[in-house]
Amino acid sequence: MGTVMPLAQTIIGDIIPPRHRGKYQGIMGAVFGVTSVAGPLAGGWITDHLGWRWLFWASIPFGIAATAVVFRFLHLAHQRRDAAIDVAGIATLTPALVAILLATSWGGTTYAWSSGVILGLYAVGALFLAAFVWAESRAAEPILPLRLFKNQVFTLSNTAAFGIAMVMFGAIIYIPVYAQGVIGVNATNSGLILLPLMLGLIVCGILAGQVITKTGRYKGIMLAGVAIMAAGIWLLTRLTHTATSGQLTVAMVVIGVGLGLCMQQYTLLVQNASARADLGIATASTQFFRNVGSTVGIAIFGTVMTSGLHVAILSHLTPAAAKAAEASGQQIGAGSVLDPTVMAKLPAPVAEAVRMGLAERLHEVFLIGLPILALVFVATALITSVPLRTTNDTPRHEAEQEFLDSMATLSPESLQDEGEERFANSR
């Protein structure tokens, strides 16, 4: 997936000019929305009726079909060249990410935040990150060229994409938890609970792409999307243990509309501001920051939910109900929230306390999304509006710099010959 996902975006960037690319990326966003709903639904059905091992066998026909389509229709000009693999960059970035993500996931749950394990993992992650920066500054072909961060559009777009992914995947993971654990939606239908969000993402993603292609304007659409997404997250923070499915649906539709307006556009901006030679690495970098953002977001949100869940549940129990819970022999905590068999065996007051405690913790989870989206809004607002190119040529400022760099290496005699040749060609 780390190969295919950025390559699909890069190929579109390679054959479609940025001005016309919006509608195609809107369609790709729609594909993502459809499969995000269809995949879990199909997976649940396959697991229930055929067993979990068939989840992996079922993916093979889709892979064969996709390969056949690519082999038959995708014919792109390719010029082979010798390339150097950035072994040092790979060897330092991978353990850095693993250490940081493990510490973020385990902190406050498996281990205390002040424990030696968590502090040690963060220290190891920081050391490997420093080594990664050092390695990239010396690599012939770095996997993440540091010079790209000098481009304001690249840096701010990836920062915003990182934050959007944190909130988006936090919502995708924990909205079904709320639906199942608080409202009482069964496990089979919990996969459908995200359908309103994805419908908003699909419809507005396609419409936004069409508008950008027609008008060439994107910044206002993106800012509106971030603001609307924040409004949807705010609606989630207003939900209590007495909320209805209708209230949850409204919040999801608002979030989906906001996502559709802004999610795919950050890739468009990065590609538009990058030189053609950097198209692949720039696109892959955006996907990288999205992936890391989603993982960090899920880890942080999960830590917030589980760390105080047991205390939140107990706060809603009377002494008599607590004794009844102990008599039932069931453990009250995160395990009892989403396990229907456990919930069914709990006394009614205890089950109600579980729902109330879960609603309280998920309120804190969704609340985290608001400051994150505020930062995303600021980062998006600071992005310089660069006109979308109508060709796939290198951006003007990059082309000028390449020309100046090439001229700096020439002798005076060669420079004169070069100038006469360019003058003749221009005539």
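What you see is a predicted model; the values in this text were computed from it and never measured. (Residues numbered from 1 in each chain as written. Predicted model: local features only at pLDDT ≥ 70, side-chain atom pairs only at ≥ 80, totals over all residues. Heavy atoms only, no water.)

A. Structural detail: the overall build of the protein chain. For the protein chain, the helix and strand inventory stands at 19 helices and 0 strands. The buried share of the protein chain, taken over its 427 residues, is 41%. Carbon and sulfur atoms form 67% of the exposed surface of the protein chain, whose accessible area is close to 22,300 Å². (Helix = DSSP H or I, 4+ residues; strand = E, 2+ residues; numbered from the N terminus. Buried < 20%, exposed > 50% of the residue type's maximum accessible area, 1.4 Å probe, protein only. Areas by Shrake-Rupley, 256 points an atom, 1.4 Å probe, with all protein chains shown as cover.)

B. Expanded view of the packing of aromatic side chains. A full pass over the atoms with the stated rule returns 5 aromatic pairs. Centre to centre, the rings of phenylalanine 149 and phenylalanine 289 are 6.3 Å apart; their planes meet at 90°, and the pair counts as edge-to-face. In this pair, phenylalanine 149 sits in the loop between α5 (116-136) and α6 (152-183) while phenylalanine 289 sits in helix α12 (residues 279-307), placing the two residues 140 residues apart along the sequence. Linked through ring pairs, Phe149, Phe154, Phe288 and Phe289 together constitute an aromatic cluster. One Lys or Arg, arginine 72, reaches over the ring of phenylalanine 73 and ends 4.9 Å from the middle of that ring. (Phe/Tyr/Trp six-rings, centres within 6.5 Å; stacked < 30°, edge-to-face > 60°. Lys NZ or Arg CZ within 6 Å of the ring centre and 35° of its normal.)

C. Quick peek at the packing of α6 against α12. Following both chains from N to C, one finds α6 and α12 inclined at 40°, their axes separated by 7 Å at the closest point. As far as their axial angle goes, α12 and α6 are oblique. Considering the relative orientation of α6 and α12, their crossing is right-handed. When grouped by side-chain class, the residues that make up the contact of α6 with α12 number 18 nonpolar, 8 polar and 1 charged. (Axes fitted to C-alpha atoms, helices over the stretch in contact; angles between N-to-C directions. Parallel < 35°, antiparallel > 145°, perpendicular 65-115°, else oblique. Left-handed = near helix turned anticlockwise from the far one by under 90°. Nonpolar A, V, L, I, M, F, W, Y, C, P; charged D, E, K, R; others polar.)

D. Spotlight on the pattern of salt bridges. Tallied over the entire structure, the rule returns 1 salt bridge. One salt bridge in this structure joins aspartate 278 and arginine 147, with 2.9 Å as the shortest N-O distance. With aspartate 278 in the loop between α11 (265-272) and α12 and arginine 147 in the loop between α5 and α6, this residue pair connects regions lying 131 residues apart in the sequence. Taking the relative accessible area as the measure of exposure, aspartate 278 reaches 11% and is therefore buried. Using a relative accessible area of 47% as the deciding quantity, one classes arginine 147 as partly exposed. (Salt bridge = Lys/Arg side-chain N within 4 Å of Asp/Glu carboxyl O.)

E. Here's a closer look at the environment of leucine 259. Here leucine 259 shows up in helix α10 (residues 245-262). Overall, the relative accessible area of 1% leaves leucine 259 in the buried class. Taking the C-alpha atoms as reference, leucine 259 lies 5.7 Å from leucine 201; in sequence the two are 58 residues apart. Filtering out sequence-adjacent residues up to four positions away, leucine 259 remains in contact with Ile164, Met168, Leu197, Leu201 and Met229. (Contact = heavy atoms within 4.5 Å.)

F. Structural detail: empty space enclosed by the protein. With the rule as written, the count across this model stands at 2 cavities of 30 Å³ or more. Roughly 40 Å³ of internal volume is contained in the second largest cavity. Its residues assigned to classes, the lining of the second largest cavity shows 6 nonpolar, 2 polar and no charged. (1 Å grid on protein atoms, 1.4 Å probe; cavity = no way out; pocket = protein on both sides within 12 Å on 5 of 7 lines; lining within 4 Å. Points joined across faces, edges and corners; volume = space filled by probe spheres on them.)

G. Spatial organisation of α11. With 8 of its 8 residues buried, α11 lies for the most part within the structure. Of the residues making up α11, those classed as buried are Gln265, Tyr266, Thr267, Leu268, Leu269, Val270, Gln271 and Asn272.

H. A look at α6. Over its 32 residues, α6 runs 44 Å from end to end, which matches the ideal 46 Å to within 8%, given 1.5 Å per residue. A maximum bend of about 25° is found in α6 at isoleucine 172, where proline proline 176 lies one to four positions downstream. Burial analysis of α6 places 25 of its 32 residues in the buried class, which makes it a mostly covered element. Regarding α6, its N-cap is asparagine 151, as a side-chain oxygen of that residue lies 3.0 Å from the backbone nitrogen of valine 153 further along. Glycine 184 occupies a position one or two residues after α6 and carries a positive phi of about 100°. (Expected span 1.5 Å × (residues − 1). Bend = angle between axes of the 7 residues up to and from the residue. Polar contact = N/O pair within 3.5 Å; in protein donor to acceptor, adjacent residues only side chain to side chain.)

I. Local environment of the packing of helix α2 (residues 18-49) against α11. It is the contact of α2 with α11, at a shortest axis distance of 10 Å, that shows an interaxial angle of 155°. Overall, the two elements α2 and α11 adopt an arrangement that is roughly antiparallel. Crossing of α2 over α11 shows right-handed handedness. Where α2 abuts α11, its residues Pro18, Arg21, Gly22 and Gln25 lie against Thr267, Leu268, Gln271 and Asn272.

J. Representation of the side chain of serine 285 in the model. Tracing the backbone shows serine 285 in helix α12. The buried category is assigned to serine 285, whose relative accessible area is 3%. Here isoleucine 281 takes part through its backbone oxygen, which lies 2.6 Å from a polar atom of the side chain of serine 285. Once residues within four sequence positions are removed from consideration, serine 285 is found in contact with Leu144, Phe154 and Asn158.

K. Main features of the confidence of the model for the protein chain. The predicted model of the protein chain has a mean per-residue pLDDT of 81, with 84% of residues at 70 or higher. Note that pLDDT drops below 50 for residues 396-410; the model gives that stretch 12 contacts with residues more than four away or on any other chain. (pLDDT = per-residue confidence, 0-100.)

L. Region of the structure containing the environment of threonine 94. Residue position: threonine 94 is located in helix α4 (residues 87-106). For threonine 94, a relative accessible area of 44% gives the class partly exposed. Along the backbone, threonine 94 and phenylalanine 128 are 34 residues apart, and their C-alpha atoms lie at a distance of 8.6 Å.

M. Spatial organisation of the layout of surface pockets. Size it by volume and the second largest pocket reaches roughly 1,200 Å³. Lining the second largest pocket we find 33 residues, and of these Leu7, Arg81, Ala277, Gly280 and Ile281 sit closest to its centre. Those elements that place two or more of their residues in the lining of the second largest pocket are α1 (4-15) and α12. By residue number, the principal contributor to the lining of the second largest pocket is α12, which donates 7 residues. Its residues assigned to classes, the lining of the second largest pocket shows 18 nonpolar, 8 polar and 7 charged.

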